[in-house]
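Structural features, examined
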Amino acid sequence: MIENEKVEEMMMELEEKASNTIDALENEYGALRTGRANPRILDRIEVEAYGGMSKLIELGNVSALDARCLQINLWDKSLLKAVEKAILQSNIGLTPTNDGQVIRLVFPVMTEERRKELVKQAKKMGEDSKVAMRNHRREAMEIIKKMKTAKELSEDEASGCEADIEKTVSGYMTKLEAVIAAKEKELMSI
C-alpha cells in the first residue's frame, strides 16, 4: 500500500461500504421468515400508537417461547388491538393470537415449496448485494484512474492500488458468499 492520504481515505471508504453492504444483507435476511421463531421478523413493523407511528419493538418485549412461537408482551395493554392490526397488515404471513395480556405468533411448519420460494428470494437479495459490492469496486477503481490521469499516482502505484482494491473486495465477496450460503442452508433445514 502506498503512502497517499487520498488513497488511504478511499480504501477506508471502500471497506466501510463493503461492510455496510454485508450488514444490510444480514438485516434483510433477519426479516425473511423461516420456520423458526425469530424476533427480528418484527423489526420493520410499525404500529399506530399515541397519535403517531412507533416501531413494534419499541412498545414492549418480544421473546421466543420456543422454536416456533414468539410472544409479544406490551408495556401498554391498550395497544393490543393496534399491534394485532399492524401484524396482520404487515404481510409476514403470521396470524396473531391475543389473550388479553400478551400476543403470540405461532410459526407454521414450512412446506418444501415455500422453502424453495424463500431460497429464491434469499438468492435474489444476495445477488443484489453482490451487485452493490461490484459497484463499490468500480467506484474505487475510477478514483484510482482519475488520480493516475491527474498524475497524482504513477503507473506502478496505480497498479498496486488496483490490486489492493481487488484483494479487499474479494475478501468481502467471500464473506458475502458465506452469509448467502448460511441463509440457504437455514431455509432448507427442517
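Heads up: these notes are all about the structure in this document. (Residues numbered from 1 in each chain as written. Predicted model: local features only at pLDDT ≥ 70, side-chain atom pairs only at ≥ 80, totals over all residues. Heavy atoms only, no water.)

**Focus on the overall build of the protein chain**
Worth spelling out the cut-off: A helix here means a DSSP run of H or I that spans at least four residues, while a strand means a run of E at least two residues long, and both kinds are numbered starting from the N terminus. When we talk radius of gyration, it's over C-alpha atoms, and the globule rule is simply 2.2 Å times the number of residues to the 0.38. Burial here depends on accessible area, computed with a 1.4 Å probe over protein chains only, as a share of the maximum for the residue type. Under 20% is buried, over 50% is exposed, and the range in between is partly exposed. Should any heavy atoms of two residues lie within 4.5 Å, those residues are counted as being in contact. In these tables, accessible area is a Shrake-Rupley quantity obtained with a 1.4 Å probe, and a residue counts as shielded only by the protein chains included in the view.
From N to C terminus, the protein chain includes four helices and six strands. Element order for the protein chain, N to C, with α for helix and β for strand: α-β-β-β-β-α-β-β-α-α. For 190 residues, the compact-globule formula gives about 16 Å, and the C-alpha radius of gyration of the protein chain, at 22 Å, lies well above that figure. C-alpha extents for the protein chain along the principal axes are approximately 70 × 40 × 20 Å. Counting only residues that meet the buried cut, the protein chain has 37% of its 190 residues in that class. Put simply, 63% of the contacts in the protein chain that link residues at least 6 apart link residues at least 24 apart. For the protein chain, the accessible area works out to roughly 11,100 Å², and carbon and sulfur atoms hold 50% of it.

**Things to note about the sheet that holds strand S6 (residues 103-106)**
What counts, and what does not: Criterion used throughout: strands pair if DSSP finds at least two bridges between them. Every axis in this analysis is a line fitted to C-alpha atoms, fitted for helices over the stretch in contact. Angles between the N-to-C directions lie between 0 and 180 degrees.
Taken in spatial order, the four strands make up an open sheet running S3-S4-S6-S5, and their pairing is antiparallel. At either end of the open sheet lies a strand with only one pairing partner, and these are strand S3 (60-66) and strand S5 (96-98). In this sheet, neighbouring strand axes are inclined to one another by 25° on average, regardless of whether the strands run parallel or antiparallel. Pairing between S5 and S6: three bridges, direction antiparallel. Note that in S6 the partner of Thr97 across the bridge is Arg104. The sheet strands contacting helix H2 (residues 80-89) are strand S4 (69-74), S5 and S6, and the helix crosses S5 at an angle near 165°.

**Observations regarding H2**
Basically, it comes down to this: This arc is built from the directions going out from the helix axis to the C-beta atoms.
Of all the residues in H2, the buried ones are Leu80, Val83, Glu84, Ala86 and Ile87. One side of H2 holds all its buried residues, which, seen down the axis, span an arc of 165°. Seen from the buried face of H2, the exposed residues on the opposite side, beyond 90 degrees, are Lys81, Lys85 and Gln89. Of the residues flanking the end of H2, it is Asn91, one or two places downstream, whose phi is positive at about 60°.

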